[in-house]
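A look at the structure
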Amino acid sequence: MPADDAPDGTDAGPPYDCPYCDGRFHRESYLSLHRGQEHPDALTDAERAAFEAAREEEEEQLRLFRLQALAALVFIYFGFLLVYAFSL
Ligand SMILES: [Zn+2]
């Protein structure tokens, strides 16, 4: 049983349905991103605003992830450098 199944066995899918296709999404922001990317010509003003907000939020999360990945790489690099220096 998938984790998103409702306990009573009724409608078990993700809660957010795309009004333009069969897509279903776990988060409203995922639905907003899908509508903006797959149905850009059919958006209302409110849907377009939601898409822009979701896209900005996702770009911020991506920027944070890239910084964290870079920090991890630098940490690993200098860790191995120190291990190498003390093994000489
Ligand atoms: Zn769709």
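All residue numbers refer to positions counted from 1 along the written sequence of the respective chain. In keeping with the predicted nature of the model, local features appear solely for residues at pLDDT of at least 70, side-chain atom pairs appear and are counted solely at 80 or more, and the whole-chain, interface and lining totals rest on all residues.

1. Observations concerning the overall build of the protein
Counting its secondary structure elements, the protein contains two helices and two strands. Counting from the N terminus, the helices are DSSP H or I runs at least four residues long and the strands are E runs at least two residues long. Counting helices and strands in the order they occur from the N terminus, the protein gives β-β-α-α. Across the protein, contacts joining residues at least 24 apart in sequence account for 8% of those joining residues at least 6 apart. Here contacts are defined at the residue level, using C-beta atoms placed from the backbone and a cut-off of 7 Å between them.

2. Notes on helix α1 (residues 28-38)
Within α1, the full set of buried residues consists of Leu31, Ser32 and Arg35. Considered in projection along α1, the buried side chains sweep an arc of 100° and stay on one side of the axis. The outward face of α1, more than 90 degrees from its buried face, is lined by the exposed residues Gln37 and Glu38. Buried-residue contacts for α1 involve β1 (16-17), β2 (24-25) and α2 (45-86). Exposure is read from a count of other C-beta atoms within 10 Å of each residue's own; the residue is exposed at 12 or fewer, buried at 20 or more and partly exposed in between. C-beta atoms are placed from the backbone. Our arc is simply the arc of the directions from the helix axis toward the C-beta atoms.

3. Overview of the environment of Glu38
When you line up the elements, Glu38 lands in helix α1. Separated by 17 residues in sequence, Glu38 and Cys21 have C-alpha atoms that sit 9.4 Å apart.

4. Topic: the packing of α1 against α2
To characterise two packed helices, one gives the angle between the axes of the helices and the distance between these axes. With their axes 8 Å apart at the nearest point, α1 and α2 run at an angle of 110° to one another. Overall, the two elements α1 and α2 adopt an arrangement that is roughly perpendicular. When you trace α1 past α2, the crossing you get is left-handed. Judged by residue contacts, Ser29, Ser32, Leu33, Arg35 and Gly36 of α1 engage Glu47, Ala50, Phe51, Ala54, Arg55, Glu57 and Glu58 from α2. Classification convention: Asp, Glu, Lys, Arg as charged; Ala, Val, Leu, Ile, Met, Phe, Trp, Tyr, Cys, Pro as nonpolar; all other residues, Gly among them, as polar. Of the residues belonging to the contact of α1 with α2, the class tally is four nonpolar, three polar and five charged. What counts as an axis is a line fitted to C-alpha atoms, over the stretch in contact for a helix, and the angles between N-to-C directions run from 0 to 180 degrees. Roughly parallel means an angle under 35 degrees; roughly antiparallel, over 145; roughly perpendicular, 65 to 115; everything else is oblique. Each crossing gets its handedness from the near helix: less than a right angle anticlockwise from the far helix is left-handed, clockwise is right-handed.

5. Description of the environment of Gly36
For Gly36, the location among the structural elements is in helix α1. Given 17 C-beta atoms within 10 Å, Gly36 falls into the partly exposed group. In this structure, the C-alpha to C-alpha distance between Gly36 and Ala50, residues 14 residues apart in sequence, is 8.8 Å. Excluding its chain neighbours within four sequence positions, the residues that come into contact with Gly36 are Leu43, Phe51 and Arg55.

6. So, α2
Expected helix span is given by 1.5 Å per residue-to-residue step, counting one fewer step than there are residues. Its 42 residues give α2 an end-to-end C-alpha distance of 62 Å, which sits within 8% of 62 Å, the value for a rise of 1.5 Å per residue. Summarising burial for α2: two of the 42 residues are buried, a small minority.

7. Some points on the confidence of the model for the protein
With 88% of its residues at a pLDDT of at least 70, the protein reaches an overall mean of 89. A score between 0 and 100, pLDDT records how confident the predictor is in each residue. Of the regions scoring below 50 in pLDDT, residues 1-6 engages in six contacts with residues more than four places distant in sequence or in other chains.

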